[in-house]
Amino acid sequence: MITLLRIAGLCVLLAALPAASADALSEARELHAKGDYAGAADKFASALATESPRAAIYFEIGQNLTKSGYAAAASLAYRRALFLDPTLLPARAALRDSELALGIQPSVPSWRDSVAAILPMDISAVIGAGLFWVGILAVLLAFLAAKPLPSRLIIAVCLAFLGLLLVAVVWTTDPRVVGRRDAVLLKNGGASLLREPADSSEKLTSLSQGALLRILSQRGRWVFAETGTGTKGWLLAEGVESIIPK
Amino acid sequence: MRFLAIVFTLLSVGSLCAQEVSVALSKTQARVGETVQFSVTVLGVNRIEAPTTIPVNGLRINFAGQSSQVQMQNFQMSSSATVTYLVVPQFEGVFTIPAFDLRIRGRTLATSPIQLTVSGMASTPSSPSLPQSAPSVPRPQGGVDESQPIYFGELILSKPSAFVGEVVPAELRFYFQSGIGGQIGERPSFTGEGFTIEKFTQGARRDQIINGVGYTVFTFKTAITAVKTGTLSLPVATLDARLQLPGQPSQDDFLGQFQGLIPPGMFTQSQDVALETRPTELEVRPLPTEGKPTDFSGAIGRFTLTTSATPNAVAAGEPVTLRSVVAGQGNFSAMEPPILTNTEGWKTYPPSEVFETSDAVNFGGKKTFEFTSVAREDQTVTPGVSFTFFDPSTEKYILLTNTPLPVQAKGSASVLATTASPTPQANPPAPPRVTLPSATGRWTPVFSHQAFLIANGVAALVAVGLLGFVLSRRFARSDAGRRAVQRQQWTRLLAKARACEDATFTEVGIAYVAARCGGNILAFPSRLPLLPESVQEPLGLLWHMHNEALYSSGGLKTLTPEQRSDVLAALEEWHRIP
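Per-chain numbering applies: the sequence of each chain, read as written, is numbered from 1 onward. Chains carry letters and ligands carry numbers; both start at the beginning, A for chains and 1 for ligands, and go up in the order they are written. The predicted origin of the model limits local features to residues at a pLDDT of at least 70 and limits the giving and counting of side-chain atom pairs to 80 or more, whereas totals for whole chains, interfaces and linings rest on all residues. Just so you know, side-chain values use all the structure's heavy atoms and leave hydrogens and water out.

### Remarks on the overall build of chain B
- In this description a helix means any DSSP run of H or I spanning at least four residues, a strand means any run of E spanning at least two, and both kinds are numbered starting from the N terminus. From N to C terminus, chain B includes eight helices and 33 strands.
- Burial classification: accessible surface area is computed with a 1.4 Å probe over protein chains only, and a residue below 20% of its type maximum counts as buried, one above 50% as exposed, and the rest as partly exposed. By residue count, 41% of the 578 residues in chain B fall in the buried class.
- Any pair of residues with heavy atoms lying within 4.5 Å of one another is described as a contacting pair. Taking contacts inside chain B between residues at least 6 apart in sequence as the whole, the part at least 24 apart equals 69%.
- Accessibility throughout is a Shrake-Rupley quantity obtained with a 1.4 Å probe, and a residue counts as covered only by protein chains that appear here. Summing over all exposed atoms, chain B offers an accessible surface of approximately 30,300 Å²; the carbon and sulfur share of this is 53%.

Below, the structure is given as structure tokens:
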């Protein structure tokens, strides 16, 4: 079913893609083949400016950035690819490689990642919402009869519950929902997490380049962020890039 | 030369206590009035509860202090606590300091008795343990023992010879006679060629009696690693100090005029001094080539190796972390990671390292290596781990191995083949071979899409409408619903009665009565007596007119305005009754 939907989506996409985007992608791949990885990454990025975001393009950007030696930027590209398509296993493996190259302990996939890797998010949410409303309407229609049939009522309630469960699972595992405040530290040499938003403030910990952060708030040039270990502090916004592009 | 015979007498007082508690006198023979140090040492503890006085006829014994010490020798670390008493003989004779109880961690241990011979003769002085190069300093005039060095230093190595690269724990000790005060520098100066040295850690300050003279001892722990073979000359270590030494009042001093009346030690003079240790030699041997493994890790010492794997079941592409812990004593900073064996079918990465020291000089502790491994093919066991080190005590190379651990790992060869190498490659690689999805994505989840929100809003409206319909249907079917409908009918008829013309009032009134009787007008006579008396007469009139019209040919008659008013009032009153 998912494959059929993908094929259908691909056909629609191919029909709708502007010729300019196709040219940009072709040029990017030619640059990659010639070994100009940085140029290829730029070209892929320019292609994204004219069409909808695609996990595959972010993955290719990540590969070219990796070969150019920009491991932190590559990890950001792989994370973006995984946000768009959590089922893209090569991006997950490449992200792990990038983190190792940066000296960061690769994050062990959580149950959310495991669920997201097998569940198409948007489709599941639509199906879940549909099942929920069908179930609800079936319950109401069953009550229109003077004496509702228990079997119909049970089936209708189960449908509604199943739909609600599916929506809840998508809501709690979709990286675009769960990680909507996530960001990657791209600053060369990493950064210091400070207790207060001031240069002279006490240093709480050091952050490596490529570290994953959760942005909690922003005040001027400073952002208040939480690290993977739960440490909360301030750092300069320069070099902190949101996974979901602004 | 003064010779002081320091005799430590270890006496057994029981199978357990004898192994832990020792007693000692700084002299077994003393003269009347001479102070003798009596110490009780307990191994393996750092705190003792001891009595403050020990009653012995002929000896005055007073508690002087307690100290604890940690020693390292031949890789063995030991701690001990010592309680010190000062014993002053009152008269000649042979005295026995009796056994007494000590409290240690809630346990009671007994000491051993020890003898002290007191005579009128002075004991023979000697100083065999003092370094020959003890610095010559201005001799104090009072408060210190002039016959002994006021201060000196020494370097204690845990062993006289070592292998190149082996870590040798060492201790710098600086002694000051107890009678002087002052300040010492933060750490000694100790540099030279042919060896590396760990940073100094200052040990606990303690008191020690040497040749009958009390010294305050400052210790600095470190570890020395020789980097070349041969005889290593360890240079002098220097510790700066500013001392308050006993001195004479100046000639200009007013009190100097009272020379002779001023007690010794009343005046002090500040002096900056540099305490030095003696140069020491360490014999450094090369590591034997015989039996040296090709994958020797460079570790020298005594170690153990343990390995664990987490998680023990992973999906394709997910890593298994092998955690190998090398624990023991030795050169942790120079050792290389253990080697993974049987790595066929695995993609392994260089390990991370974390060292946790268990002492002050990074000699003992454990180093944890974490290997990240991803299965290329389905695997049931992890790679094995091996580690080689050189044991200087046996002078042999030791190979430690950990067998592969059971694990369920799905292969991910296709995934790994597509990932890029972190290092740039010289030749242009082929474009990614992986089949990538071409579908477009969105940065916003479907929950925030307008179409999704509209569709759900419509569905919610339909559901709410249907719910209302269902509820109204079910309400209408209920008794309360039916009553409400009837009530609405009655209200409509009453309103009609109020507004109608006189000619039709009787008909409308009869219709109201019939409605109140459930449509059966014939039931009205039986209900009339149940109504309030005030309404019975007007409603009876209405009933009479209804019957008259029913059974005569004249039809319904019109009520007079007064009658209409009375009947309407009666209907209003009846309407108020549910």
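Following the structure, the description resumes.
### Concerning helix α9 (residues 150–173) of chain A
Residues and elements named next belong to chain A.
- A helix is expected to span 1.5 Å for every residue after the first. Counted at 1.5 Å a residue, the expected span for α9 with its 24 residues is 34 Å, and the 34 Å between its end C-alpha atoms agrees.
- Looking at α9, one finds that the buried residues are A156, A160, G163, V170 and T173.
- Taken together, the buried residues of α9 touch α7 (111–118), α8 (121–142) and α10 (175–178).

### Looking at unusual backbone geometry
Residues and elements named next belong to chain B.
- Note the cis peptide between T310 and P311, where omega equals -15 degrees.
- For P311, the position within the fold is in the loop between β23 (299–310) and β24 (313–314).
- Unusually for a residue other than glycine, N362 sits at a positive phi of about 60 degrees.
- Secondary-structure assignment places N362 in the loop between β28 (352–357) and β29 (364–375).

### A word on the sheet that holds strand β30 (residues 379–381) of chain B
Residues and elements named next belong to chain B.
- Taken in spatial order, the three strands line up as β24-β33-β30 in an open sheet, and their pairing is mixed. Only two strands of the sheet have a single partner each, and these edge strands are β24 and β30.
- Between any two strands, at least two bridges found by DSSP are needed for them to pair. As paired strands, β24 and strand β33 (residues 406–409) are joined by two bridges and run parallel to one another. Within the sheet, the bridge partner assigned to A313 lies in β33 and is Q408.

### Let's talk about the pairing of strand β18 (residues 213–226) of chain B
Residues and elements named next belong to chain B.
- Of all 14 residues in β18, 13 are buried; the element is thus mostly enclosed.
- When strand β13 (residues 167–177) meets β18, the two strands line up antiparallel, connected through eleven bridges. Counterpart to P169 in the pairing with β18 is A223.
- Here strand β15 (residues 195–197) runs beside β18; their pairing, made up of three bridges, is antiparallel. Note on β18: the bridge partner recorded for T196 is T225.
- When strand β16 (residues 201–202) meets β18, the two strands line up antiparallel, connected through two bridges.

### Observations regarding the environment of V88(B)
Residue and element names in this part refer to chain B.
- As for its placement among the helices and strands, V88 is situated in strand β6 (residues 76–89).
- With relative accessibility at 14%, the residue V88 sits in the buried group.
- On a C-alpha basis, the gap between V88 and G58 in space is 8.7 Å, while along the polypeptide they are 30 residues apart.
- If we ignore the near neighbours within four places in the chain, the residues touching V88 are G33, E34, T35, G58, L59 and R60.

### Notes on helix α4 (residues 479–499) of chain B
Residue and element names in this part refer to chain B.
- The first and last C-alpha atoms of α4 sit 30 Å apart over 21 residues, in line with the 30 Å expected at 1.5 Å per residue.
- Three or more residues of α4 are buried, namely G481, W490, L493, L494 and A497.
- On its buried face, α4 sits against α3 (450–477), α5 (502–516) and α8 (561–576).

### Re the pattern of salt bridges
- When a carboxyl oxygen of Asp or Glu lies within 4 Å of a side-chain nitrogen of Lys or Arg, that pair is called a salt bridge. Within this structure, the stated rule accounts for 19 salt bridges over all chains.
- Notably, a salt bridge pairs R80(A) with E241(A), separated by 3.7 Å at the nearest N-O pair. Taken as a pair, R80(A) in helix α5 (residues 71–84) and E241(A) in strand β7 (residues 240–242) lie far apart in primary sequence, 161 residues in all.
- For E241(A), a relative accessible area of 36% translates into the label partly exposed.
- Of the charged contacts in the structure, one is a salt bridge between R302(B) and D391(B), with a shortest N-O distance of 3.9 Å. Taken as a pair, R302(B) in strand β23 and D391(B) in strand β31 (residues 384–391) lie far apart in primary sequence, 89 residues in all.

### Some thoughts on the confidence of the model for chain A
- On average, residues of chain A score 86 in pLDDT, and 91% of them are at 70 or above.
- Confidence drops under pLDDT 50 across residues 10–20 of chain A; counting only partners more than four residues distant or on other chains, this segment forms seven contacts. pLDDT is a residue-level measure of predictor confidence that goes from 0 to 100.

### Remarks on a nonpolar patch on the surface
All names here are of chain A.
- Within the patch definition used here, like charges are joined within 9 Å and nonpolar side chains (Val, Leu, Ile, Met, Phe, Trp, Tyr) within 5 Å, considering only residues with over 30% relative accessible area and no salt bridge. On the surface, F161, L162 and L165 cluster together into a nonpolar patch covering about 310 Å² of accessible area.
- Within the element layout of this structure, L162 appears in helix α9.
- When its relative accessible area of 46% is taken as the criterion, L162 is described as partly exposed.

### Considerations on the confidence of the model for chain B
All names here are of chain B.
- Looking at chain B as a whole, the pLDDT averages 77, with 81% of positions reaching at least 70.
- Strand β1 (residues 7–9) is the least confidently modelled element of chain B, averaging 36 in pLDDT, while β31 averages 91, the highest of any element.
- Across residues 249–265 the pLDDT falls below 50, and counting only partners more than four positions away or on other chains, this stretch makes twelve contacts in the model.
- For residues 414–435, every residue scores under 50 in pLDDT, and the model assigns this stretch 44 contacts once sequence neighbours within four places are set aside.
- Across the interfaces of the predicted complex, the ipTM metric reaches 0.79, alongside a pTM of 0.42.

### What about the environment of A160(A)?
Residue and element names in this part refer to chain A.
- Assignment of secondary structure puts A160 in helix α9.
- A160 sits 26 residues away from V134 along the chain, and the two C-alpha atoms are 7.0 Å apart.
- Dropping the residues within four chain positions of it, A160 is found in contact with L131, F132, G135 and I136.

### Topic: the packing of α4(B) against α5(B)
Residues and elements named next belong to chain B.
- Only the stretch in contact is used when fitting a helix axis, every axis being a line fitted to C-alpha atoms; angles between N-to-C directions are given from 0 to 180 degrees. Two elements in contact, α4 and α5, have axes separated by 9 Å at closest approach and are oriented at 165 degrees. Relative to α5, the element α4 lies roughly antiparallel. Viewed along their axes, α4 and α5 form a crossing whose handedness is left-handed. Each of R487, Q489, W490, L493, L494, K496 and A497 in α4 lies in contact with α5, whose residues at this interface are F505, V508, A511, Y512, A515 and R516.
- All residues other than Ala, Val, Leu, Ile, Met, Phe, Trp, Tyr, Cys, Pro, Asp, Glu, Lys and Arg, Gly among them, are scored as polar; the first ten of these are nonpolar and the last four charged. Considering only residue class, the contact of α4 with α5 consists of nine nonpolar, one polar and three charged. Any angle that falls under 35 degrees is termed roughly parallel, while one over 145 is termed roughly antiparallel, one within 65 to 115 roughly perpendicular, and all others oblique. Should the near helix be turned anticlockwise from the far one by less than a right angle, the crossing is termed left-handed; should it be turned clockwise, right-handed.

### A look at the sheet that holds strand β10 (residues 114–119) of chain B
Residue and element names in this part refer to chain B.
- Spatial ordering of the open sheet is given by β3-β10-β7, a layout of three strands whose pairing is mixed. Each edge of the sheet is formed by a strand with only one pairing partner; in this case those strands are β3 (29–31) and β7 (93–97). Direction aside, the axes of adjacent strands within the sheet are offset by 30 degrees on average.
- For β7 and β10, the ladder comprises five bridges, and the chain directions are antiparallel. Counted as the bridge partner of I97 is I114 from β10.

### Considerations on the pairing of strand β8 (residues 101–104) of chain B
Residue and element names in this part refer to chain B.
- Side chains L102 and I104 of β8 all project onto a buried face; the interleaved residues D101 and R103 project onto a face where none is buried.
- Direction of pairing for β8 relative to strand β9 (residues 107–110): antiparallel, over a ladder of four bridges. For L102, the partnering residue across the bridge sits in β9 and is L109.
- Counted along the chain from β8 to the antiparallel partner β9, the turn is two residues long, and its residue R105 has a positive phi close to 50 degrees.

### Focus on the packing of aromatic side chains
All names here are of chain B.
- Aromatic rings from Phe, Tyr and Trp, taking only the six-membered ring of Trp, are treated as a pair when their centres fall within 6.5 Å; an angle between ring planes under 30 degrees marks them as stacked, one over 60 as edge-to-face, and anything in between as tilted. Applying the stated criterion across every chain, the model contains 27 aromatic pairs over all chains.
- Considering the side-chain rings of F152 and Y215, the 5.5 Å spacing of their centres and the 75 degrees angle between planes classify their relative orientation as edge-to-face. Taken together, the residues span a long stretch of sequence, with F152 in strand β11 (residues 151–157) and Y215 in strand β18 at a distance of 63 residues.
- The class for F152 is buried, based on a relative accessible area of 2%.

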